[in-house]
Amino acid sequence: MKKKLVVLTGAGISAESGLKTFRDSDGLWNGYNIEDVATPRAWKKNKQLVLDFYNMRRKDVLNAQPNAAHTGLANLQKDFDVHIITQNIDDLHERAGNKNVLHLHGEIFKMRSELNESFIYEIRKDILLGDVANDGAQLRPHIVWFEEPVPMIEQAAALAEEADIFAVIGTSLVVYPAAGLIHYTKKVIPKFIIDKTIPYSALYNVTAIEKPATQGIAEFIELMQKFIA
Ligand code: APR
């Protein structure tokens, strides 16, 4: 039986693919106010601004390619039962060949009715004001905004509980409930953190790899060899 490797990823894993993180010095939240583009209030106040912001994000992702960290995790599927819980809205894990990817904060290539969360559609181009769902309501990005519930969190917590090994790659761990997932893991299991800068610690049985994701992944894969069942 392959061991269950559960990996929580954030914007840092896609940084070397050219996608901006949120809180680094050149991050997205340096150029935008969260309240203006990523809250239900923002949507009420200025739909065009919100659509423009996410239409840009969609173009950025279309132009980006998976990097060695995404493909490294995909390669680990040979020897491990890999489950990725990502806060990212990009599809780089999928494009790298990862089979089990749970998107906690939504997906940039999906849109949905602003009134009915179950009316979801694929979108590669821009969402325009006036584009409507089958229920006649304006379409919005299929993104979990601040102040909105995170529907996938229970599934993610269950995965964390079942993990034989848990890794965290490229996230500042400041946004809850995602940041709390590590606390659902069994205390004794090996945990790994890969991040360019690691400000947090104090967890039991953690190996910290303080490197950019594309370099850290090589070290991680090396360390994983001893856990192959
Ligand atoms: N390799 C590894 N880690 C990196 C790299 C890199 N090349 N570049 C940056 N990082 C790290 C940073 O050190 C930081 O810890 O990635 C993390 C990025 O943190 P954030 O910008 O806060 O992104 P994230 O944790 O994914 O944000 C969580 O916040 O705004 C919301 O919904 C948005 O899903 C997002 C959530």
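These numbers were taken from a predicted model, which means no experiment stands behind them.

Caption draft 1: The overall build of the chain, seen in detail. Regarding its fold elements, the chain presents 9 helices and 9 strands. The globule rule puts the C-alpha radius of gyration for 229 residues at 17 Å, and the 18 Å found for the chain is close to it. When its C-alpha atoms are laid out on the principal axes, the chain stretches across 55 × 35 × 30 Å. Long-range contacts, defined here as pairs at least 24 residues apart, represent 63% of the contacts in the chain between residues at least 6 apart. Put simply, the chain shows about 11300 Å² of open surface, and 52% of that area lies on carbon and sulfur atoms. Computing the positive centroid from 26 side-chain charges and the negative centroid from 29, the chain places the two 2 Å apart.

Caption draft 2: Highlighting the layout of surface pockets. As a volume, the largest pocket reaches approximately 1100 Å³. Lining the largest pocket are 50 residues, and of these Gly10, Ala11, Lys20, Thr21 and Phe22 lie nearest its centre. If you list the elements that add at least two residues to the lining of the largest pocket, you get α1 (12-15), α2 (28-31) and α5 (47-62). Ranked by the residues each element gives to the lining of the largest pocket, the list is headed by α5, at 5 residues. Taken together, the residues of the lining of the largest pocket break down into 26 nonpolar, 12 polar and 12 charged.

Caption draft 3: Quick peek at the site of the ligand. Around the ligand there are 22 residues in total, and Phe22, Arg23, Thr171, Ser172 and Asp195 lie nearest to it. A distance of 2.8 Å is found between an oxygen atom of the ligand and a side-chain nitrogen or oxygen belonging to Trp29. One of the backbone nitrogen or oxygen atoms of Lys196 is found 3.3 Å away from a nitrogen atom of the ligand. Within the complex, 94% of the 740 Å² of free accessible area of the ligand lies under protein. A majority-of-atoms criterion places the ligand in the largest pocket. For the shell around the ligand, the residue count by class is 8 nonpolar, 9 polar and 5 charged. Shared between two domains, the shell around the ligand holds at least three residues of each, these being domain 1 (1-19 + 67-105 + 150-229) and domain 2 (20-63 + 110-143).

Here is what the cut-offs are and how they apply
- Residues numbered from 1 in each chain as written.
- Predicted model: local features only at pLDDT ≥ 70, side-chain atom pairs only at ≥ 80, totals over all residues.
- Heavy atoms only, no water.
- Helix = DSSP H or I, 4+ residues; strand = E, 2+ residues; numbered from the N terminus.
- Rg over C-alpha atoms; globule rule 2.2 N^0.38 Å.
- Contact = heavy atoms within 4.5 Å.
- Areas by Shrake-Rupley, 256 points an atom, 1.4 Å probe, with all protein chains shown as cover.
- Lys, Arg positive; Asp, Glu negative; His and termini not counted.
- Charge placed at Lys NZ, Arg CZ, Asp CG, Glu CD.
- 1 Å grid on protein atoms, 1.4 Å probe; cavity = no way out; pocket = protein on both sides within 12 Å on 5 of 7 lines; lining within 4 Å.
- Points joined across faces, edges and corners; volume = space filled by probe spheres on them.
- Nonpolar A, V, L, I, M, F, W, Y, C, P; charged D, E, K, R; others polar.
- Near = heavy atom within 4 Å.
- Polar contact = N/O pair within 3.5 Å; in protein donor to acceptor, adjacent residues only side chain to side chain.
- Sits in = over half its atoms within 2 Å of the grid points.
- Domains from an automatic or database assignment.

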